[in-house]
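Observations on chain architecture
This is what each chain is made of:
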Amino acid sequence: MLSGKSIIGIDDLKKEDIDLIINSADSFIEVLDRKVKKVPTLRGNTVASLFFEPSTRTKNSFEIAAKRLSADLINFSASSSSLKKGESVIDTINTIMGIKVNLFIIRHPEAGACKLISDFTGMPIINAGDGAHEHPTQALLDLYTIKRNFKKIEGLKVAIVGDIINSRVARSNVKLFKKMGIETTLVSPTMLLPENNEYMGLEIKNSISEVIDKVDVLYMLRMQLERQDRKMYPSIEEYNKFLSLNTSRFFCLKKGCIVMHPGPVNRGIEISEELMDLADKNGEVAKKFKIKQQVTNGVAVRMALLYLILS
Amino acid sequence: MKSILGKRNLIIKEAEIVDPEKNNKYRSNIYIKDGKIEKIGKNISAPEGIAEINAEKYTAFPGFFDMHVHLRDPGQERKEDIKSGIKSALRGGITSIACMPNTKPPVDNINLVKYILGEARKYNFKVWPVAAMTKGLEGEKISEIGLLKNAGAIAFSDDGKCVQDGKLMFEIMKYAKSFGSLLILHEEDYSFSSGGLASEGYPSIELGLKAFPGLAEETMISRDISFSKKTSTKIHITHISSKNSVEMVRQAKKEGINITCDVTPHHIYFNDTYLKNYNTNFKVSPPIRSSLDQEAIIEGIMDKTIDAIASDHAPHLKEDKNTTFSRALFGAIGMETLFKATYTKLCREEGMDIAEYIKLITSNPAKILNIEGSCIKEGRVANLAIADIGFVEKFSGPLYSKSSNCPFTGEELYGEIIFTINNGDVSFVNSDLYE
């Protein structure tokens, strides 16, 4: 049993909870390798997946996790138009409450939306990403991926590279890594860092070459230059020069170092085209990339969460 | 004892009287005759059978002056109107308010100035209308400062907005000076605040709320100090929120610039850690900042850099607040808690002298606006706030405002207003506490 019934942010989880999630994920990863990839564990439970923001990967991952556990799942994709019309989250939730579900999975473009819905409904909620606040299941699947690749996680060094200030993935990962004794360095240009250059007391660097040969995990965030509300960052060329992972930098990585990314990778931005192609051809290079493994682990971790909250 | 409501002849017995002008406090009786303070003294011969308040437990202050209030009238009367705003003020011991012009339509013409004055007169309450500095609060054309002043506008402000155009602001200053009018400045550089929801630091990093940094206010304060220096125009910075802003005003005062400033109770009482549950009643503009900013504000009050406390009473409908943090509107109500919240923080927690403290909500705002403030003096019309300053309770929420977006609800606060005597009348009686 987890200590709380909702996972809105990493702070909702105690160390014991995290261990429990990781251990349960281990048994579910085994289910995923079976010929019949389904267990009856959550039969009779209904899970509502509410995505107020477009998403395919996280949504599919939760959906398959629920189905593998035999839970009934209803999908609710809020059309952006109804939100724009001023229909509040509360109005929408009120309607869905009538369906009598056991758990909400919520993705919302605004920070704090999951907390609001949790306070309003008192229902178990899994945050599937709320604005720039948190994305705790991503962090858990990332931790699980690290766990599967290293014997001991305490003391590992991670660098998170990219748009820090707008990233909910960074927020959740930083908190979770800290809890597990992993040291995090942030790598980002000044305009994508907090105003006063302070982020939970972490070390901050402005260029990837400063960390490239020092870390055990290189975590590349998805960089959407066009999505910045004010286009302060000069250009992709500049990004490539100072922040991208390219072939020559790849060969500077420590021997056991792994490369992670929440996906999908912007080829030519976070990771160079040349290196991506090389990974497709060269098994040794591909071994360092754990991006596909992250996706698989995501299903297992989400199965673990649904199981631990609902059973 | 509710019958005391509306009385214009009464005697207040054995009250502790706090006099901000003489900077002292003493115990005495106050005899009010036909709404005027007839006599203050130990031995008063009042007519037999006159209404009496036994005030041994109470402290009498001059009626409070809240120089920054949004009455929402005309145009948004579902949030508040002049009548409900006045009732809310009276519960807070407030007997004068200055109201901001961002109504719908805005107070940028003499008819609306007259409307507000007329409505307030109906309730026998002193409301000082502040008129728009630019037409429609649009920050493009200077409003009719001369005509508006003659109609009764006490000062000029685009509160809620800030004139971004430097040259225009410079001209406004020179023009306001030519009429001797005060400018009340809401300082905000939109290039820093646009899309911003909460202070930089904790809320922006851990809660993922877009930063509304102190620089948004500081760059404009810096601009306007230099304009004021050049034009010698009197400026008042309202709801100052950051450490650096306090420091800039402190330095400007040292240099002899004609500048004053106020701060809200919520910036004194809270810091950004209160945002942790995304409670939208803490979504205000400027945002509530870090504990360092909060400390600097309190220091600024103690060393008189900050001249006044004003509520920035900003009523909003439940539906405007009961939503996500980013969709919720900015603003908190605060007239009913103006005294409670700031007395608790400044006098009870920080040990500020009560006679010094009370200037911040009585004589100082009056001085800033260049009007006669209330005082407890023989011959003057009675405007008094009588409080039980030892009374402490979890604040259960505002009672008289039409809105309920009050961040102080649930806070343990000292001081309860028992009576408010406004313009000679006993206008508010806290019947729960006074039997």
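The notes below deal with the structure included here. Bear in mind the structure is a predicted one, so any value in this text is a computation, not a measurement. (Residues numbered from 1 in each chain as written. Chains lettered and ligands numbered in written order. Predicted model: local features only at pLDDT ≥ 70, side-chain atom pairs only at ≥ 80, totals over all residues. Heavy atoms only, no water.)

Listed per partner, the contact involves 26 residues of chain A and 22 residues of chain B. When the two sides are added together, the surface that chain A and chain B hide from each other amounts to roughly 1800 Å², 54% of it contributed by carbon and sulfur. A salt bridge links K175 of chain A to E206 of chain B; its shortest N-O distance comes to 3.5 Å. Seen at the junction of chain A and chain B, the total is six residue pairs in polar contact (both at pLDDT 80 or more). When residues of the side of chain A that touches chain B are traced back to their parent elements, those giving at least two are helix 4 (89–97), helix 5 (113–121) and helix 7 (168–179) of chain A. Looking at which element gives the most residues to the side of chain A that touches chain B, the answer is helix 5 of chain A, with three residues. Considering only residue class, the side of chain A that touches chain B consists of eleven nonpolar, six polar and nine charged. (Contact = heavy atoms within 4.5 Å. Buried area = accessible area lost by both parts, 1.4 Å probe. Salt bridge = Lys/Arg side-chain N within 4 Å of Asp/Glu carboxyl O. Polar contact = N/O pair within 3.5 Å; in protein donor to acceptor, adjacent residues only side chain to side chain. Helix = DSSP H or I, 4+ residues; strand = E, 2+ residues; numbered from the N terminus. Nonpolar A, V, L, I, M, F, W, Y, C, P; charged D, E, K, R; others polar.)

Let us now look at the sheet that holds strand 1 (residues 46–51) of chain A. All names here are of chain A. Pairing is parallel across the open sheet formed by four strands, whose spatial order is 2-1-3-4. Each edge of the open sheet carries a strand with a single partner, namely strand 2 (72–77) and strand 4 (125–130). With direction set aside, neighbouring strand axes in the sheet form an average angle of 10 degrees. As paired strands, strand 3 (residues 103–108) and strand 4 are joined by four bridges and run parallel to one another. (Pairing = 2+ DSSP bridges. Axes fitted to C-alpha atoms, helices over the stretch in contact; angles between N-to-C directions.)

Residue and element names in this part refer to chain A. Burial along strand 8 (residues 217–220) is two-sided: V217 and Y219 facing one way and L218 and M220 facing the other are all buried. Taken together, the four bridges between strand 5 (residues 157–161) and strand 8 define a ladder with parallel strand orientation. When the sheet's bridge partners are listed, A159 is paired in strand 8 with L218. Direction of pairing for strand 8 relative to strand 9 (residues 258–260): parallel, over a ladder of three bridges. Across the sheet, the residue bridging to V217 is I258, located in strand 9. (Buried < 20%, exposed > 50% of the residue type's maximum accessible area, 1.4 Å probe, protein only.)

What follows is about helix 10 (residues 273–281) of chain A. Residue and element names in this part refer to chain A. Every buried residue of helix 10 is accounted for by L275, M276 and A279. For helix 10, the angular spread of buried residues about the axis comes to 100 degrees, placing them on one side. Opposite the buried face of helix 10, by more than 90 degrees, sit the exposed residues E274, D280 and K281. Considering only its buried residues, helix 10 is in contact with helix 9 (247–250) and helix 11 (283–288). (Arc of directions from axis to C-beta.)

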